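Per-entry structural report
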Amino acid sequence: MTFQMGIHRRKIRPSELRKTWLAYIQYRHGQVSPSTFKRDYGQITKRIQRLCKDAPYLRNAIAIRGWFMERYAVSTTKSTLVQFSACCKWAVRSELMASDPFTGLAGELRLPPKDPNAYRAFTADERAIIINAIDEDDRFFGPWVRFLFWTGARPEEAAALRWEHVALDFSRLTIWEAEPADTKIRQRTKNYRSTDFPCNRRLQLLLKSIIPARLEPDLRVFRGKSPRLYLNYIGFQTHHWRPVVLQLFEQGKVSFYGSQYHARHTWITMALKHMSIKDVSYLARVSPEVILKHYADRERQVEIPEF
(Lines give C-alpha, C1' and ligand atoms only; values in the text may rest on other atoms or scores of the structure.)
Protein backbone atom coordinates (compact mmCIF):
# COMPACT_ATOMS: atom_id res chain seq x y z
CA MET A 1 0.00 0.00 0.00
CA THR A 2 2.80 2.41 0.91
CA PHE A 3 4.60 1.61 -2.35
CA GLN A 4 1.45 2.25 -4.40
CA MET A 5 0.85 5.54 -2.62
CA GLY A 6 4.45 6.57 -3.37
CA ILE A 7 4.08 5.78 -7.05
CA HIS A 8 0.79 7.66 -7.13
CA ARG A 9 2.49 10.79 -5.79
CA ARG A 10 5.08 10.45 -8.57
CA LYS A 11 2.53 10.41 -11.37
CA ILE A 12 3.10 12.92 -14.16
CA ARG A 13 2.97 12.61 -17.93
CA PRO A 14 5.46 14.29 -20.27
CA SER A 15 2.66 16.41 -21.75
CA GLU A 16 1.68 17.61 -18.28
CA LEU A 17 5.32 18.34 -17.46
CA ARG A 18 5.71 20.38 -20.63
CA LYS A 19 2.58 22.42 -19.91
CA THR A 20 3.69 23.11 -16.35
CA TRP A 21 7.24 23.94 -17.41
CA LEU A 22 6.11 26.48 -20.02
CA ALA A 23 3.90 28.17 -17.42
CA TYR A 24 6.78 28.20 -14.94
CA ILE A 25 9.35 29.80 -17.24
CA GLN A 26 6.79 32.39 -18.28
CA TYR A 27 6.47 33.24 -14.59
CA ARG A 28 10.26 33.31 -14.19
CA HIS A 29 10.78 35.53 -17.23
CA GLY A 30 12.19 38.83 -16.02
CA GLN A 31 13.32 37.30 -12.73
CA VAL A 32 16.39 35.59 -14.21
CA SER A 33 19.06 36.96 -16.50
CA PRO A 34 18.24 37.01 -20.22
CA SER A 35 21.03 34.53 -20.95
CA THR A 36 19.74 32.11 -18.30
CA PHE A 37 16.26 32.30 -19.79
CA LYS A 38 17.45 31.84 -23.35
CA ARG A 39 20.26 29.35 -22.79
CA ASP A 40 19.47 27.29 -19.69
CA TYR A 41 15.69 27.31 -19.79
CA GLY A 42 15.81 26.93 -23.56
CA GLN A 43 17.89 23.76 -23.31
CA ILE A 44 15.51 22.19 -20.81
CA THR A 45 12.54 23.11 -23.01
CA LYS A 46 14.19 21.24 -25.90
CA ARG A 47 14.78 18.21 -23.67
CA ILE A 48 11.13 18.15 -22.64
CA GLN A 49 10.07 18.44 -26.28
CA ARG A 50 12.27 15.46 -27.11
CA LEU A 51 10.78 13.57 -24.15
CA CYS A 52 7.25 14.26 -25.34
CA LYS A 53 8.11 13.15 -28.87
CA ASP A 54 10.05 9.99 -28.02
CA ALA A 55 8.36 8.81 -24.82
CA PRO A 56 4.84 10.24 -24.46
CA TYR A 57 3.78 6.94 -22.85
CA LEU A 58 5.73 7.50 -19.61
CA ARG A 59 3.51 7.94 -16.58
CA ASN A 60 5.65 9.01 -13.60
CA ALA A 61 8.73 10.94 -12.50
CA ILE A 62 10.75 7.77 -11.83
CA ALA A 63 10.32 6.63 -15.42
CA ILE A 64 11.13 10.12 -16.71
CA ARG A 65 14.32 10.16 -14.64
CA GLY A 66 15.28 6.78 -16.11
CA TRP A 67 14.66 8.05 -19.62
CA PHE A 68 16.98 11.00 -19.04
CA MET A 69 19.68 8.85 -17.43
CA GLU A 70 19.79 6.64 -20.54
CA ARG A 71 20.32 9.60 -22.84
CA TYR A 72 22.18 12.32 -20.94
CA ALA A 73 25.18 12.66 -18.65
CA VAL A 74 24.55 12.35 -14.93
CA SER A 75 25.30 16.04 -14.40
CA THR A 76 22.79 17.02 -17.11
CA THR A 77 20.13 14.69 -15.73
CA LYS A 78 20.66 15.97 -12.20
CA SER A 79 20.48 19.66 -13.13
CA THR A 80 17.38 18.98 -15.25
CA LEU A 81 15.64 17.16 -12.39
CA VAL A 82 16.48 20.06 -10.08
CA GLN A 83 14.68 22.40 -12.48
CA PHE A 84 11.72 20.03 -12.84
CA SER A 85 11.35 19.93 -9.05
CA ALA A 86 11.58 23.74 -8.79
CA CYS A 87 8.94 23.99 -11.52
CA CYS A 88 6.58 21.57 -9.79
CA LYS A 89 7.07 23.18 -6.38
CA TRP A 90 6.03 26.47 -7.97
CA ALA A 91 2.99 24.71 -9.46
CA VAL A 92 2.06 23.41 -6.00
CA ARG A 93 2.30 26.92 -4.52
CA SER A 94 0.25 28.19 -7.44
CA GLU A 95 -2.38 25.50 -6.79
CA LEU A 96 -1.80 23.92 -10.18
CA MET A 97 -0.54 20.61 -8.79
CA ALA A 98 -1.14 18.65 -5.59
CA SER A 99 2.50 17.69 -5.00
CA ASP A 100 5.97 17.72 -6.54
CA PRO A 101 6.52 14.31 -8.21
CA PHE A 102 10.25 14.99 -8.66
CA THR A 103 11.03 15.81 -5.04
CA GLY A 104 14.24 14.16 -3.86
CA LEU A 105 15.08 12.49 -7.18
CA ALA A 106 17.98 14.77 -8.12
CA GLY A 107 19.58 14.29 -4.70
CA GLU A 108 19.88 10.55 -5.29
CA LEU A 109 22.22 11.07 -8.27
CA ARG A 110 25.89 11.25 -7.45
CA LEU A 111 28.10 13.37 -9.66
CA PRO A 112 31.62 12.27 -10.65
CA PRO A 113 34.50 13.87 -8.69
CA LYS A 114 35.15 17.50 -9.57
CA ASP A 115 38.16 18.44 -11.63
CA PRO A 116 41.00 19.10 -9.14
CA ASN A 117 42.19 21.90 -11.44
CA ALA A 118 38.81 23.64 -11.49
CA TYR A 119 39.99 26.64 -9.43
CA ARG A 120 43.72 26.22 -9.88
CA ALA A 121 45.85 29.27 -10.62
CA PHE A 122 48.86 29.74 -12.85
CA THR A 123 52.02 31.10 -11.27
CA ALA A 124 53.36 34.53 -12.18
CA ASP A 125 55.99 32.90 -14.40
CA GLU A 126 53.38 30.72 -16.11
CA ARG A 127 51.21 33.77 -16.66
CA ALA A 128 54.07 35.53 -18.43
CA ILE A 129 54.78 32.44 -20.53
CA ILE A 130 51.14 32.22 -21.63
CA ILE A 131 50.95 35.92 -22.50
CA ASN A 132 54.13 35.71 -24.58
CA ALA A 133 52.92 32.56 -26.32
CA ILE A 134 49.59 34.18 -27.24
CA ASP A 135 51.51 37.18 -28.60
CA GLU A 136 53.53 34.84 -30.80
CA ASP A 137 50.41 32.99 -31.93
CA ASP A 138 48.43 36.14 -32.77
CA ARG A 139 49.43 39.49 -31.30
CA PHE A 140 45.89 40.79 -31.86
CA PHE A 141 44.72 38.88 -28.77
CA GLY A 142 47.57 40.01 -26.52
CA PRO A 143 45.65 42.90 -24.89
CA TRP A 144 42.64 40.64 -24.29
CA VAL A 145 44.68 38.02 -22.43
CA ARG A 146 46.56 40.65 -20.43
CA PHE A 147 43.28 42.26 -19.39
CA LEU A 148 41.87 38.94 -18.16
CA PHE A 149 45.04 38.19 -16.17
CA TRP A 150 45.37 41.71 -14.76
CA THR A 151 41.74 42.30 -13.73
CA GLY A 152 40.27 38.87 -13.03
CA ALA A 153 37.27 39.82 -15.16
CA ARG A 154 35.07 37.05 -16.47
CA PRO A 155 35.33 36.78 -20.29
CA GLU A 156 31.69 37.80 -20.71
CA GLU A 157 32.38 40.91 -18.59
CA ALA A 158 35.47 41.89 -20.55
CA ALA A 159 33.58 41.38 -23.82
CA ALA A 160 30.85 43.77 -22.65
CA LEU A 161 33.23 46.52 -21.51
CA ARG A 162 32.84 49.76 -23.43
CA TRP A 163 34.88 52.93 -23.45
CA GLU A 164 32.10 54.77 -21.64
CA HIS A 165 32.94 52.50 -18.69
CA VAL A 166 36.56 53.71 -18.63
CA ALA A 167 37.48 56.97 -16.89
CA LEU A 168 38.88 59.68 -19.18
CA ASP A 169 42.17 59.66 -17.25
CA PHE A 170 42.24 55.84 -17.23
CA SER A 171 42.32 55.86 -13.44
CA ARG A 172 39.47 53.35 -13.11
CA LEU A 173 36.88 51.40 -15.01
CA THR A 174 33.42 50.15 -14.14
CA ILE A 175 32.51 46.49 -14.54
CA TRP A 176 28.76 46.01 -14.28
CA GLU A 177 27.67 44.39 -17.53
CA ALA A 178 28.21 41.01 -19.16
CA GLU A 179 27.60 39.77 -22.69
CA PRO A 180 27.81 35.98 -23.07
CA ALA A 181 29.20 34.95 -26.44
CA ASP A 182 26.53 32.32 -27.03
CA THR A 183 23.55 34.63 -26.54
CA LYS A 184 24.98 38.08 -27.43
CA ILE A 185 22.64 39.58 -24.82
CA ARG A 186 23.91 42.50 -22.74
CA GLN A 187 22.89 42.06 -19.13
CA ARG A 188 24.05 42.62 -15.58
CA THR A 189 27.06 40.71 -14.29
CA LYS A 190 26.72 37.36 -12.57
CA ASN A 191 25.11 37.84 -9.14
CA TYR A 192 24.24 41.40 -10.26
CA ARG A 193 27.40 42.77 -8.63
CA SER A 194 29.32 45.74 -10.01
CA THR A 195 32.83 47.03 -9.41
CA ASP A 196 34.53 50.40 -9.62
CA PHE A 197 37.90 48.89 -10.54
CA PRO A 198 41.03 51.05 -9.93
CA CYS A 199 43.57 50.86 -12.75
CA ASN A 200 47.22 50.55 -11.82
CA ARG A 201 49.93 51.86 -14.12
CA ARG A 202 50.24 48.57 -15.99
CA LEU A 203 46.53 48.47 -16.75
CA GLN A 204 46.45 52.15 -17.68
CA LEU A 205 49.21 51.64 -20.26
CA LEU A 206 47.31 48.69 -21.70
CA LEU A 207 44.12 50.70 -22.14
CA LYS A 208 46.01 53.64 -23.65
CA SER A 209 47.64 51.31 -26.16
CA ILE A 210 44.32 50.12 -27.58
CA ILE A 211 42.15 53.24 -27.42
CA PRO A 212 40.84 54.01 -30.94
CA ALA A 213 41.70 57.26 -32.72
CA ARG A 214 38.00 58.07 -33.00
CA LEU A 215 36.54 57.37 -29.61
CA GLU A 216 32.85 56.63 -29.31
CA PRO A 217 31.41 55.99 -25.82
CA ASP A 218 29.43 52.91 -26.86
CA LEU A 219 32.39 51.33 -28.65
CA ARG A 220 33.69 48.09 -27.19
CA VAL A 221 37.11 48.13 -25.56
CA PHE A 222 37.86 44.71 -27.02
CA ARG A 223 36.65 44.15 -30.54
CA GLY A 224 36.93 41.20 -32.87
CA LYS A 225 38.48 41.07 -36.29
CA SER A 226 35.18 40.62 -38.08
CA PRO A 227 32.95 43.51 -39.17
CA ARG A 228 30.60 42.65 -36.31
CA LEU A 229 33.25 44.05 -33.97
CA TYR A 230 32.56 41.42 -31.32
CA LEU A 231 35.43 39.52 -29.75
CA ASN A 232 34.01 36.02 -29.60
CA TYR A 233 35.89 34.61 -26.64
CA ILE A 234 34.50 31.13 -27.25
CA GLY A 235 36.09 31.12 -30.68
CA PHE A 236 39.28 32.53 -29.18
CA GLN A 237 39.26 29.72 -26.60
CA THR A 238 38.90 27.08 -29.32
CA HIS A 239 41.25 28.40 -31.98
CA HIS A 240 43.93 30.20 -29.98
CA TRP A 241 43.98 29.72 -26.21
CA ARG A 242 43.43 25.96 -26.10
CA PRO A 243 46.04 24.91 -28.71
CA VAL A 244 48.61 27.38 -27.36
CA VAL A 245 48.25 26.57 -23.66
CA LEU A 246 47.84 22.84 -24.30
CA GLN A 247 51.15 22.88 -26.17
CA LEU A 248 52.79 24.75 -23.31
CA PHE A 249 51.54 22.07 -20.93
CA GLU A 250 52.81 19.26 -23.17
CA GLN A 251 56.19 21.01 -23.31
CA GLY A 252 56.29 21.27 -19.52
CA LYS A 253 56.26 25.07 -19.54
CA VAL A 254 53.05 25.29 -17.48
CA SER A 255 52.04 22.82 -14.77
CA PHE A 256 48.49 22.17 -15.98
CA TYR A 257 46.07 23.01 -18.76
CA GLY A 258 43.40 25.53 -17.85
CA SER A 259 40.95 27.55 -19.92
CA GLN A 260 41.08 31.33 -20.27
CA TYR A 261 38.72 31.43 -17.27
CA HIS A 262 41.73 30.39 -15.20
CA ALA A 263 43.11 33.87 -15.78
CA ARG A 264 40.41 34.94 -13.32
CA HIS A 265 41.40 32.22 -10.87
CA THR A 266 45.00 33.36 -11.20
CA TRP A 267 44.16 37.00 -10.47
CA ILE A 268 42.06 36.16 -7.41
CA THR A 269 44.71 33.81 -6.03
CA MET A 270 47.47 36.38 -6.50
CA ALA A 271 45.33 39.24 -5.19
CA LEU A 272 44.84 37.41 -1.90
CA LYS A 273 48.57 37.79 -1.26
CA HIS A 274 48.27 41.58 -1.32
CA MET A 275 44.70 42.48 -0.37
CA SER A 276 42.04 41.51 2.14
CA ILE A 277 39.38 38.97 1.28
CA LYS A 278 36.82 41.77 1.54
CA ASP A 279 38.60 43.85 -1.10
CA VAL A 280 39.18 40.88 -3.40
CA SER A 281 35.51 39.95 -3.02
CA TYR A 282 34.44 43.40 -4.18
CA LEU A 283 36.92 43.63 -7.06
CA ALA A 284 36.16 40.12 -8.34
CA ARG A 285 32.39 40.36 -7.80
CA VAL A 286 32.24 37.13 -5.83
CA SER A 287 31.26 36.44 -2.23
CA PRO A 288 33.85 36.06 0.55
CA GLU A 289 32.41 32.58 1.16
CA VAL A 290 33.32 31.47 -2.36
CA ILE A 291 36.80 32.93 -1.99
CA LEU A 292 37.33 31.10 1.30
CA LYS A 293 36.04 27.86 -0.17
CA HIS A 294 37.90 27.82 -3.47
CA TYR A 295 40.86 30.19 -3.27
CA ALA A 296 42.08 31.15 0.20
CA ASP A 297 43.13 27.66 1.25
CA ARG A 298 45.20 27.26 -1.92
CA GLU A 299 47.46 30.13 -0.84
CA ARG A 300 48.93 28.31 2.10
CA GLN A 301 52.43 27.05 1.38
CA VAL A 302 52.65 24.16 3.78
CA GLU A 303 56.09 22.85 4.62
CA ILE A 304 56.30 19.48 6.36
CA PRO A 305 59.15 19.37 8.89
CA GLU A 306 61.22 16.25 9.33
CA PHE A 307 60.05 14.30 12.35
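Structure first, text after, so check above.
Let us look at the structure shown here. Model, not experiment: these values are computed from the prediction.

As for the overall build of the protein
Secondary structure assignment for the protein yields 13 helices and four strands. Evaluated residue by residue, the protein yields a buried proportion of 44% over its 307 residues. Sequence separation of 24 or more characterises 63% of the internal contacts of the protein that already satisfy a separation of 6 or more. Of the roughly 17,400 Å² of accessible surface on the protein, a fraction of 53% belongs to carbon and sulfur atoms. Here the protein holds 50 positive side-chain charges and 31 negative ones, and the gap between their average locations is 7 Å.

Section: the environment of W90
Along the chain, the position of W90 falls in helix 5 (residues 74-93). Of the residues examined, W90 reaches a relative accessible area of 9% and is grouped as buried. When near neighbours in sequence (up to four residues on either side) are disregarded, W90 contacts T20, A23, Y24, Y27 and L96.

Side note on the layout of surface pockets
In this structure, the largest pocket spans a volume of roughly 450 Å³. Lining the largest pocket are 18 residues, with T36, R39, D40, E156 and K190 positioned closest to its centre. Contributing elements (two or more residues each) for the lining of the largest pocket: helix 3 (34-54), strand 3 (187-188) and helix 10 (233-250). Among the elements that make up the lining of the largest pocket, the one with the highest residue count is helix 3 (four residues). In terms of residue class, the lining of the largest pocket is built from six nonpolar, five polar and seven charged.

A look at the environment of W176
On the secondary structure map, W176 appears in the loop between strand 1 (172-175) and strand 2 (177-178). In this structure W176 comes out as partly exposed when scored by relative accessible area, which is 33%. Ignoring sequence-local partners within four residues, the contact set of W176 consists of H165, Q187, R188, T189, R193 and S194. Polar contacts involving the side chain of W176 include one to the side chain of H165, which spans 3.4 Å.

Describing helix 2 (residues 14-28)
An ideal rise of 1.5 Å per residue puts 21 Å on 15 residues; helix 2 measures up with 21 Å between its terminal C-alpha atoms. Those residues of helix 2 that fall on the buried side of the exposure criterion are P14, L17, T20, W21, Y24 and I25. What you see down the axis of helix 2 is that its buried residues fit within an arc of 130°, all on one side. Exposed side of helix 2, more than 90 degrees from the buried face: K19 and Q26 are the residues found there. Just beyond helix 2, the residue with positive phi is G30, at close to 95°.

Scoring rules and cut-offs
Residues numbered from 1 in each chain as written. Predicted model: local features only at pLDDT ≥ 70, side-chain atom pairs only at ≥ 80, totals over all residues. Heavy atoms only, no water. Helix = DSSP H or I, 4+ residues; strand = E, 2+ residues; numbered from the N terminus. Buried < 20%, exposed > 50% of the residue type's maximum accessible area, 1.4 Å probe, protein only. Contact = heavy atoms within 4.5 Å. Areas by Shrake-Rupley, 256 points an atom, 1.4 Å probe, with all protein chains shown as cover. Lys, Arg positive; Asp, Glu negative; His and termini not counted. Charge placed at Lys NZ, Arg CZ, Asp CG, Glu CD. 1 Å grid on protein atoms, 1.4 Å probe; cavity = no way out; pocket = protein on both sides within 12 Å on 5 of 7 lines; lining within 4 Å. Points joined across faces, edges and corners; volume = space filled by probe spheres on them. Nonpolar A, V, L, I, M, F, W, Y, C, P; charged D, E, K, R; others polar. Polar contact = N/O pair within 3.5 Å; in protein donor to acceptor, adjacent residues only side chain to side chain. Expected span 1.5 Å × (residues − 1). Arc of directions from axis to C-beta.

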